[in-house]
Amino acid sequence: MTADSRKTSQFEIVRREDFSDVTYLLEIRHPLMARAARPGQFVIVMEHEHGERIPLTLADFDRDRGTVTLVVQAVGKTTKEMQERCQVGTSLYALVGPMGIPSHIGLARKVVCVGGGLGVAPVYPQARAYKQSGAYVIGVIGFRSKELMFWEDKFRAVCDEFIVCTDDGSEGIKGLVTAGIEQAIAHHSDIDELVAIGPPIMMKFCAETTRPHGIKTLVSMNPVMVDGTGMCGGCRVRVGDQVKFACVDGPDFDGHAVDFDDLMARLQRFRASETDALERWQEACRVRADAEAQREPPPLIGTRPAADR
Amino acid sequence: MPPKKTIRTIPQERTPMQEQDPDIRATNFAEVTCGYTLEEALREAERCLFCPDEPCVRGCPVEIDIPAFILKITEKNFHGAYETITDTNLLPAICGRVCPQETQCEGVCTIVDTLEPVAIGRLERFVGDMAIAEGWESVPYVEPSGLRVAIVGSGPAGMACAADMAKAGCEVTVYEVFHEAGGVLKYGIPDFRLPNEVIDAEIDKLRQLGITFECNTLVGRLFTVEQLLTEMGYHAVFIGTGAGYPSFMGIPGESLAGVLSANELLTRCNLMRARDFPDFDTPLQPGKRVAVIGAGNTAMDAMRVCLRLGAETVYCVYRRTRIEAPARAEEIHHAEEEGIEFHWLTSPVEILGDDDSNVRGLRCQSMELGEPDESGRRRPVSVPDSEFEMDVDMVVYAIGTNANPILGQTSSLRLNDRGYIVADESLATSIAGVWAGGDIVTGAATVIEAMGAGRKAAAAMKEYLGLRDTNVVYLPERSGSDGKRFGIDLHEHDYARVSV
Ligand SMILES: Cc1cc2nc3c(=O)[nH]c(=O)nc-3n(C[C@H](O)[C@H](O)[C@H](O)COP(=O)(O)OP(=O)(O)OC[C@H]3O[C@@H](n4cnc5c(N)ncnc54)[C@H](O)[C@@H]3O)c2cc1C
Ligand SMILES: Cc1cc2nc3c(=O)[nH]c(=O)nc-3n(C[C@H](O)[C@H](O)[C@H](O)COP(=O)(O)OP(=O)(O)OC[C@H]3O[C@@H](n4cnc5c(N)ncnc54)[C@H](O)[C@@H]3O)c2cc1C
Ligand code: SF4
Ligand code: SF4
Ligand code: FES
């Protein structure tokens, strides 16, 4: 028996959408997971047998369709390879979850949900859950520029108020999401909670913005993970004076207690290997593309335009 | 009748096992020990006195009938020997390799006062390997009892329980969170000690018994233990989730880039095959000068893995002495041969980092042994003004693990104050219909003890499900080479009704 016979094809990709040339959505069939998933949880994916286990947040789940949705940003070897290979009808080698403690959708009456860039996707289920629980939801989303925006309508539909920020001012407020947060705080003195998901540096500044106002702030930690079950300790983060494993104790933590500098330093742990892997893969793609171009059959009739390479 | 022998008439020397040369093996992941040849096995089997009082049997946590299987080896009835072993131990090729025999079966062998003990583990491995090589298997037709059993975790505890329940006619599903089955055997213990093919071969045998393995399934989060019994219609559940949550010491410098748990190192290397990076995608970035903290099996494995990944020096840092080191004697011996530098009576106090958050050293202090503590071991106390620095670029923690919190977070299972699942004598938990065993109940232990727990729970589960003795008729074997019944003992497994 080989590893092949273990290979399941049960994680079929049923829909794909490309938001930009680096961001794409995958909707995957997994009825059991669609039923179990809660806002704030994540999955671990292996695209193929030699692949890496990478964590991705559940951006949506549809119990009727029996699917879960991931939104992925192509940043390195694995996510770029997935961008190329994950097409509708193909399957993932492994998909496991939902992992992590679901976000606590408590009795907060007024909440701000902040998504920066890709973070818009993972914060969406939380915004929706708050809305369903009867809270007044203020959505703040930030992108570098208007062209990169996605899920604006979807997000807006679960918000009572909606603030868009772009770095270049091509849409909404010109500035970072912190500008949007400040605006929300200025208009509402009774905000109970703020949830921020995005790059660590963004979450750090969100926490700094709310700190003087004493608004409870939750952030979603995204350290490097392997198993996602509390077995390796690679995902440890510093929260206050404690060390927590993000995969089983989180991923949501109190933004005012988290040590973001520690998180950012630990995200660099495998930088050298990651760069190496990406370069090798890109080189392999180039070689393959060249080989394929050469293998093209000669035209039957000599009318085909010469090398369009 | 076994032949009459005395300690003077048997071969005096324990038959050595061929090993790869230390200098060569420290650069590859091939198995260190090569196993006995037929002649070697026969010679070693001659050393057994077939003691009527069988002390060795009581030394084995699952009480393998050791003299009986060794006798069969001397009679060249290897298939028979295999049947005798598999009556109680499903995974001889694995236990023969990884059991700490010196504290179990071999430690109490009659001849150990005068001679080196009979190499029970090596003989067991010989038989297990032969079974794999020859493809001995027979799939008994067991009439389905209509009862369904779920097993959580595919480590040795789960596998042993699954096998017993399948042989009793239950429909058994094993749920595993990783993408491959095997537990610590797969992700922890490296190939040079326990090759993955051996584990896969043994797991294949379980599949042939009709057991289904569902990988990529996180029980507790995808569905709960309670749901298994209610919505999902299982009649009984066994939990063998292991105790994998790694400990750190809480000294300064632990979040530096080159600091990781042995579990992370071993999982990246073994299961995710980071040793074959970039052919496999998972990175590891091994150190050149590595300090491993701890001296158990996990520490030995971590050190020897680092050597094989190209480290120039590997230090073992342990606060007690070699005598207290929990690793198997053979592993410490192998590690020494391969050039690991042991620093006994040494305890780390701080990990030093450079400007880029990489490890540049480990500050340690010397210890001495003081009064015995609760465990009876003499407690190490620090020697004043004994601090010194080690020049290392990677620090690996192998100082033990704790209970995994996921099932506690998601079920009403009663846990003890350290987070382990509370189970009674028969391994029943606080939820009716749910049993638990292995490391998640006892804390980190051994492979064979985990298997023993799996079987003990299975016995209680069979009783609970009312699977009692019935008339058993086995169909003739479907595969197998010599027409003999294989792996199934009528007395042991006569719970199932079988139709002819
Ligand atoms: C809980 C959690 C949720 C996440 N959700 C999403 C999501 O919804 N969408 C999304 O696009 N990304 C998400 N990420 C980040 C995503 O896992 C990484 O972008 C991905 O692993 C990068 O892999 P790569 O090989 O493409 O890039 P690489 O070149 O390997 O890495 C690029 C960077 O990604 C990070 N990274 C690398 N490997 C891992 C790993 N195994 N685990 C975590 N981070 C890693 C490191 O900071 C690294 O420097 C999440 C991470 C975590 C921990
Ligand atoms: C590096 C290392 C070396 C060792 N060397 C030896 C040795 O030489 N000799 C020896 O006798 N012992 C050794 N041991 C100890 C031995 O491996 C363990 O005692 C034994 O494996 C415990 O078995 P188990 O079945 O209880 O758990 P495990 O083997 O830990 O298996 C538990 C399984 O359950 C899965 N799981 C956990 N939670 C869930 C969940 N919620 N849902 C689904 N699946 C889940 C895990 O992924 C895992 O696969 C070693 C241990 C380590 C770590
Ligand atoms: S299972 Fe382990 S303890 Fe038991 S006889 Fe075999 S080697 Fe010895
Ligand atoms: S104690 Fe030793 S000599 Fe006696 S039966 Fe057991 S293995 Fe043989
Ligand atoms: S990812 Fe391994 S412990 Fe969290």
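The rules behind these values
Residues numbered from 1 in each chain as written. Chains lettered and ligands numbered in written order. Predicted model: local features only at pLDDT ≥ 70, side-chain atom pairs only at ≥ 80, totals over all residues. Heavy atoms only, no water. Helix = DSSP H or I, 4+ residues; strand = E, 2+ residues; numbered from the N terminus. Rg over C-alpha atoms; globule rule 2.2 N^0.38 Å. Buried < 20%, exposed > 50% of the residue type's maximum accessible area, 1.4 Å probe, protein only. Contact = heavy atoms within 4.5 Å. Areas by Shrake-Rupley, 256 points an atom, 1.4 Å probe, with all protein chains shown as cover. pLDDT = per-residue confidence, 0-100. Salt bridge = Lys/Arg side-chain N within 4 Å of Asp/Glu carboxyl O. Pairing = 2+ DSSP bridges. Axes fitted to C-alpha atoms, helices over the stretch in contact; angles between N-to-C directions. Near = heavy atom within 4 Å. Polar contact = N/O pair within 3.5 Å; in protein donor to acceptor, adjacent residues only side chain to side chain. Nonpolar A, V, L, I, M, F, W, Y, C, P; charged D, E, K, R; others polar. Phe/Tyr/Trp six-rings, centres within 6.5 Å; stacked < 30°, edge-to-face > 60°. Domains from an automatic or database assignment. Buried area = accessible area lost by both parts, 1.4 Å probe.

A. Looking closely at the overall build of chain A. Each helix and strand counted, chain A has 10 helices and 16 strands in total. Against the globule reference of 19 Å for 309 residues, chain A gives a C-alpha radius of gyration of 21 Å, in line with a compact fold. Each principal axis of the C-alpha atoms in chain A carries an extent, and together these give about 75 × 50 × 40 Å. Taking all 309 residues of chain A together, the buried fraction comes to 55%. Counting only contacts in chain A whose residues sit at least 6 apart along the sequence, the fraction spanning at least 24 positions is 66%. Taken as a whole, chain A presents about 13500 Å² of accessible surface, with 51% of it coming from carbon and sulfur.

B. The arrangement of the confidence of the model for chain B in detail. Residues and elements named next belong to chain B. Taken residue by residue, chain B gives an average pLDDT of 85. The fraction at 70 or more is 92%. A low-confidence stretch, residues 469-500 stays under pLDDT 50, and its non-local contacts, those more than four residues away or across chains, total 75 contacts. The ipTM value of the predicted complex is 0.86, and its pTM value is 0.86.

C. Here's a closer look at the pattern of salt bridges. Evaluated as defined, the whole model comprises 54 salt bridges over all chains. Between Lys77 of chain A and Asp281 of chain B there is a salt bridge, with its nearest N and O atoms 2.6 Å apart. In this pair, Lys77 of chain A is assigned in helix α3 (residues 77-85) and Asp281 of chain B in the loop between α12 (262-271) and β7 (289-293), connecting two distinct chains. Taking relative accessible area as the criterion, Asp281 of chain B reaches 6% and is therefore assigned buried. Taking the shortest distance from any N to any O, the salt bridge between Asp204 of chain B and Arg207 of chain B comes out at 3.6 Å. Here Asp204 of chain B pairs with Arg207 of chain B, and both are found in helix α10 (residues 196-208), just 3 residues apart, close to one helical turn. Residues joined in a network through salt bridges with shared partners are Glu19, Arg25, Arg122, Arg193, Asp301, Arg304, Arg308, Arg328, Glu330, Glu331, Glu337 and Glu338 of chain B.

D. Molecular detail of the sheet that holds strand β6 (residues 259-261) of chain B. Residue and element names in this part refer to chain B. Read across the open sheet, the 5 strands follow the order β6-β14-β7-β8-β9; overall the sheet is parallel. The open sheet has two edge strands, β6 and β9 (341-343), and neither has a second partner. Strand after strand, the sheet turns through a mean of 20° between neighbouring axes, direction not considered. Looking at chain direction, strand β8 (residues 313-317) and β9 are connected through 3 bridges and run parallel. Paired with Val317 across the bridge in β9 is His343. Strands in contact with α12 are β6 and β14 (394-397); relative to β6, the strand with the most contacts, it is inclined by about 80°.

E. Representation of the sheet that holds strand β2 (residues 171-175) of chain B in the model. Residue and element names in this part refer to chain B. As summarised here, the arrangement of the 5 strands in space is β3-β2-β1-β4-β16, forming an open sheet in which the pairing is parallel. Edge positions in the sheet fall to β3 (212-214) and β16 (434-436), since each has one partner strand and no second. Neighbouring strand axes in the sheet, compared pairwise and without regard to direction, differ in orientation by 20° on average. Two strands pair when backbone bridges link them, and strand β4 (residues 236-239) and β16 are joined in this way by 3 bridges, in the parallel orientation. Across the sheet, residue Val237 finds its bridge partner in β16, namely Val434.

F. Examining the site of ligand 1 more closely. All names here are of chain A. Near ligand 1 there are 24 residues, and of these Pro55, Val71, Gln73, Thr79 and Glu274 occur at the shortest range. Take Thr57: an N or O atom from its side chain is 2.9 Å from a nitrogen atom of ligand 1. About the coverage of ligand 1: the protein hides 90% of its 860 Å² of free accessible area. Counting residues per element, the shell around ligand 1 draws most heavily on strand β4 (residues 54-62), at 4 residues. Of the residues belonging to the shell around ligand 1, the class tally is 13 nonpolar, 6 polar and 5 charged.

G. Highlighting the packing of aromatic side chains. All names here are of chain B. A full pass over the atoms with the stated rule returns 18 aromatic pairs over all chains. Summarising the aromatic geometry, the rings of Tyr318 and Trp344 are spaced 6.1 Å apart at their centres and angled 80° between planes, so their arrangement reads as edge-to-face. Taken as a pair, Tyr318 in the loop between β8 and α14 (329-337) and Trp344 in the loop between β9 and β10 (346-353) lie far apart in primary sequence, 26 residues in all. The exposure class of Tyr318 is buried, given its relative accessible area of 8%.

H. View of the domain arrangement of chain A. Residues and elements named next belong to chain A. The assigned domain composition of chain A is domain 1 (3-99) and domain 2 (110-220). In this assembly, 15 residues from domain 1 lie in contact with 13 residues from domain 2. For the pair domain 1 and domain 2, the summed buried area comes to about 1100 Å², and 67% of that belongs to carbon and sulfur atoms. Across the contact surface, domain 1 and domain 2 share 2 salt bridges. In this structure, the salt-bridge partner of Asp60 is Lys154, at a minimum N-O distance of 2.6 Å.

I. Here's a closer look at the interface of chain A and chain B. Opposite the 54 residues of chain A that make contact, chain B presents 46 residues. The junction of chain A with chain B conceals about 4100 Å² of combined surface from both sides, 55% of it contributed by carbon and sulfur atoms. The interface formed by chain A and chain B includes 3 salt bridges. For Glu231 of chain B, the salt bridge is made with Arg35 of chain A, and the minimal N-O distance between the two is 2.8 Å.

J. Broad picture of the site of ligand 3. Near ligand 3 you find Cys60, Pro61, Ile64, Ile66, Asn89, Cys95, Cys99, Gln101, Gln104, Cys105, Glu124 and Ile448 of chain B, and these make up its full shell. Of the residues that constitute the shell around ligand 3, the class distribution is 8 nonpolar, 3 polar and 1 charged.

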